[in-house]
Amino acid sequence: MLLISTISIMSQGDVIILGSDTMSSELFIGRGEELQQLRRYYRQCCDRSINCAVLLYGWRRTGKSALARRFVSEVGGVVINCSWISDPKTLLIHVLDVSRGICPRELIEEYVRYLDMEDRMIVLRKALEFFVKVGEKLGRSIVVVLDEFHTLIDKLSYRIARETRKKKNVVESDILWLLREFLESKRVFWILVTSMGWAKLKEMYFSEAKKEKPLSGAVIKMRLEPLKREESMELATKLNPLVTREVAEAIYEISGGIPRIIEILSPNYKPGDNPITLALRLTRQGQFDEIFENIIKFIAEISKRDYTVFVEVLKAMTANGNTAEAIAKSRSQLLLFLCTFIDK
């Protein structure tokens, strides 16, 4: 069976990184300590078979994916963008496709036959198991990054639950325990990247309330913080030589050290611009829409409220200068807390 024509698909931004750099070293700033930490965990996994799975989390747009890709560029491995994958078969197809450069052809062809299996949980098992087999063939621990892994868990749970007519939470639990089995394998160094806040992560994967903690003890938790002041200023000046130290400091204050905000503000700065005025202008142009959306998602997570409700409240608050109490009264008392929370 010929694999190349069978499973060739668009990568949707997923890549194999084999010692290749993915970002200019000049612009990769302020993450030396985190890189060193990943290197230590990787060596421990390779040498002592411990700490073979890292949960990399933190605020959205702080550079988690860039950090993971930079690390993989040093040691070689696979990065899977999970955000677009919604069923086990697609996952297995993509895993086989992106792995062609690091494993024997016969191993890939062996796993192609599982694509026709009807049991989606078995297909999922084979997609995860494949990386373990690659590690065994190579005789070393390979690095596998599952970027935005939480979206994969959610979409797979929904898809399998719909097809098997099981409850979604039951399927999700099964998937998480299956994932744990492979996280504890010693032939793969896993990096699970997620933009979920810790409150939501704890609730979903480490909660005592659910009487099960599928990922507890199976992963090393690693939080990525925003850039520090000097690091943010260094990035701002390297992105735009026209940015003075004073302007760079203002950009840091506006951005809070979020790299993506700095990457928008700094290149758009021109001598004489007021950084705050610049930020407002770029906001009106829609340059920060994704960032604002992520902030709302973050608030929704920590308050355990629905994202769409927050959007509804924000829209109402912009109409005719409505107060929190007026909005809650016209819509429902349930929104009173949300309106007051946002109003503050």
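Worth saying up front: this structure is predicted, and the values here are computed from it rather than measured.

**Re the overall build of the protein**
- The helix and strand tally for the protein stands at 17 helices and six strands.
- Put simply, the protein has 344 residues, and 47% of those count as buried.
- Carbon and sulfur atoms form 51% of the exposed surface of the protein, whose accessible area is close to 17,100 Å².

**Comments concerning the pattern of salt bridges**
- Going through the model one piece at a time under the given rule, you end up with 18 salt bridges.
- Lysine 133 is the salt-bridge partner of glutamate 136, the closest N and O atoms lying 3.9 Å from each other. With a gap of three residues between them, glutamate 136 and lysine 133 both fall in helix H6 (residues 120-138), about one helical turn apart.
- By relative accessible area, glutamate 136 is classed as partly exposed at 43%.
- Lysine 133 gets classed as partly exposed once you look at its relative accessible area, which sits at 32%.
- Residues glutamate 253 and arginine 229 are paired through a salt bridge, measuring 2.9 Å at the closest nitrogen-oxygen approach. One end of the pair, glutamate 253, is in helix H11 (residues 245-255); the other, arginine 229, is in helix H10 (residues 229-239), with 24 residues separating them in the sequence.
- One salt-bridge network, in which partners are shared between bridges, spans Asp87, Arg120, Arg159 and Glu163.

**Focus: the confidence of the model for the protein**
- Mean pLDDT over the protein works out to 82, with 75% of the residues at or above the 70 mark.
- Across residues 18-22, confidence stays below pLDDT 50; counting only partners more than four residues off in sequence or on other chains, it has 13 contacts.

**A look at the pairing of strand S4 (residues 142-147)**
- With respect to burial, S4 is a largely interior element, six of its six residues being buried.
- Burial of the side chains of S4 extends over both faces: Ile142, Val144 and Leu146 are buried on one face and Val143, Val145 and Asp147 on the other.
- When strand S3 (residues 77-81) meets S4, the two strands line up parallel, connected through five bridges. The residue of S4 that forms the bridge with isoleucine 80 is leucine 146.
- Pairing of S4 with strand S5 (residues 188-194) involves six bridges; the strand directions are parallel. Note that in S5 the partner of aspartate 147 across the bridge is valine 193.

**Focus: the side chain of serine 73**
- Summarising the element assignment, serine 73 is placed in helix H3 (residues 64-75).
- A polar contact is formed between the side chain of serine 73 and the backbone oxygen of arginine 70, at a distance of 2.5 Å.

**A look at H11**
- Restricting attention to buried positions, one finds in H11 the residues Val247, Ala248, Ile251, Tyr252 and Ser255. One side of H11 holds all its buried residues, which, seen down the axis, span an arc of 145 degrees.
- Once H11 ends, the next one or two residues include glycine 256, with phi positive near 70 degrees.

**Considerations on the state of the cysteines**
- What the rule picks out here adds up to one disulfide.
- Two residues, cysteine 45 and cysteine 52, share a disulfide whose sulfurs are 2.1 Å apart. Here cysteine 45 and cysteine 52 share a disulfide; its torsion about the S-S bond, 105 degrees, makes the bridge right-handed.
- When its relative accessible area of 1% is taken as the criterion, cysteine 45 is described as buried.
- On the basis of relative accessible area, cysteine 52 is assigned to the buried category, the value being 5%.

**Considering the environment of serine 86**
- Within the secondary structure, serine 86 is located in the loop between S3 and helix H4 (88-98).
- Taking the C-alpha atoms as reference points, serine 86 and leucine 156, separated by 70 residues in sequence, lie 5.6 Å from one another.
- If near-sequence neighbours (up to four positions away) are discounted, serine 86 is found in contact with Lys155, Leu156 and Arg159.

**Some details on the environment of leucine 91**
- Along the chain, the position of leucine 91 falls in helix H4.
- A relative accessible area of 3% places leucine 91 in the buried class.
- Note: C-alpha distance between leucine 91 and leucine 128 (37 residues apart in sequence) is 9.2 Å.
- For leucine 91, the residues in contact, after removing those within four places along its chain, are Ile85, Leu124, Ala127 and Leu152.

**Some remarks on the environment of leucine 242**
- With respect to the helices and strands, the residue leucine 242 is situated in the loop between H10 and H11.
- C-alpha separation for the pair leucine 242 and lysine 270, spaced 28 residues apart in sequence, amounts to 7.0 Å.
- Excluding its chain neighbours within four sequence positions, the residues that come into contact with leucine 242 are Tyr269 and Pro271.

Reading the values: rules and limits
Residues numbered from 1 in each chain as written. Predicted model: local features only at pLDDT ≥ 70, side-chain atom pairs only at ≥ 80, totals over all residues. Heavy atoms only, no water. Helix = DSSP H or I, 4+ residues; strand = E, 2+ residues; numbered from the N terminus. Buried < 20%, exposed > 50% of the residue type's maximum accessible area, 1.4 Å probe, protein only. Areas by Shrake-Rupley, 256 points an atom, 1.4 Å probe, with all protein chains shown as cover. Salt bridge = Lys/Arg side-chain N within 4 Å of Asp/Glu carboxyl O. pLDDT = per-residue confidence, 0-100. Contact = heavy atoms within 4.5 Å. Pairing = 2+ DSSP bridges. Polar contact = N/O pair within 3.5 Å; in protein donor to acceptor, adjacent residues only side chain to side chain. Arc of directions from axis to C-beta. Disulfide = S-S within 2.5 Å.

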